[in-house]
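# Descriptive analysis of the structure
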Amino acid sequence: IKSKSLPACSECVGFATKWHTHFFYFAQAFRDTRDGVIEAEYALPFARLEYRGENKFLCAYMRHTGEWLDLMFGRPVSLAECFAMIAGDGHFLAAF
């Protein structure tokens, strides 16, 4: 996973995952080190896998607009192919 720049007040503290209905989400967890912040810890999603059947998934990334964009254009691929895309594609930028 490639990195992007972060404000100096935020630090990466880990990754989180969540399974909801037929979607599996990847998020990066952050801690804001400033005094008086409303939420000191938060997570930002960066990848989503949509289960489409036995070892078939759609892979999407979170756009800057807050919308998910399916990189497969409706063509399911294997889980290994999704992980390879997340690890090597420039759309999946984690900030750490």
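Above this text sits the structure in question.
A few points on the structure.

The rules behind each value
- Sequence order as written defines the numbering, with residues in each chain counted from 1.
- Note on the predicted model: pLDDT of at least 70 is required for a residue's local features to be given, and 80 or more for side-chain atom pairs to be given and counted; whole-chain, interface and lining totals, by contrast, use all residues.
- In computing side-chain properties, one takes all heavy atoms of the structure into account and sets aside hydrogens as well as water.
- Throughout, nonpolar core names a set of buried Ala, Val, Leu, Ile, Met, Phe, Trp, Tyr and Cys residues whose side chains join them through atoms within 4.5 Å.
- Only protein chains enter the accessibility calculation, which uses a 1.4 Å probe; a residue is then buried when its area is under 20% of its type maximum, exposed when over 50%, and partly exposed in between.
- The helix and strand labels rest on DSSP assignments: H or I over at least four residues marks a helix, E over at least two residues marks a strand, and numbering proceeds from the N terminus.
- It only takes one pair of heavy atoms within 4.5 Å for two residues to be counted as in contact.
- Working definition: a ring pair exists when centres of Phe, Tyr or Trp rings (six-membered ring for Trp) sit within 6.5 Å. Plane angles under 30 degrees give stacked, over 60 give edge-to-face, the rest tilted.
- Strand pairing is defined by DSSP finding a minimum of two bridges between the two strands.
- Angles here are taken between N-to-C directions and fall from 0 to 180 degrees, while the axes themselves are lines fitted to C-alpha atoms, restricted in helices to the stretch in contact.

### What to know about the nonpolar core
Counting residues in hydrophobic clusters, the biggest one holds 15 residues, and the most contacted among them are L49, C59, I86 and F92. Of all the secondary structure elements, the ones that give two or more residues to this core are β4 (41–53), β5 (56–62) and α1 (79–88). With four residues, β5 is the largest single contributor of residues to this core.

### As for the side chain of R48
Position of R48 among the secondary structure elements: in strand β4. Beyond its immediate stretch of four places on either side in the chain, R48 contacts F23, F24, Y25, L58, C59, A60 and W68.

### Re the packing of aromatic side chains
Aromatic ring pairs are described here by two measures, namely the spacing of the ring centres and the angle between the planes. Going through the model one piece at a time under the given rule, you end up with nine aromatic pairs. Measuring from centroid to centroid gives 5.9 Å for F15 and F46, while their planes differ by 70 degrees, and the two rings are edge-to-face. In this pair, F15 is assigned in strand β2 (residues 10–20) and F46 in strand β4, connecting sequence segments 31 residues apart. F15 gets classed as partly exposed once you look at its relative accessible area, which sits at 46%. With 5.5 Å between their ring centres and 25 degrees between their planes, F30 and Y42 make a pair best called stacked.

### Concerning the sheet that holds strand β6 (residues 68–70)
Here we have five strands laid out as an open sheet, ordered β2-β3-β4-β5-β6, and antiparallel in their pairing. Pairing within the sheet leaves two strands with one partner each, and these edge strands are β2 and β6. Direction aside, neighbouring strands of the sheet carry axes that sit 25 degrees apart on average. Two strands pair when backbone bridges link them, and β4 and β5 are joined in this way by six bridges, in the antiparallel orientation. When the bridges of β5 are listed, G53 appears paired with K56. Along the sheet, α1 contacts β3 (23–32), β4 and β5; its crossing angle with β4, the most-contacted strand, is approximately 150 degrees.

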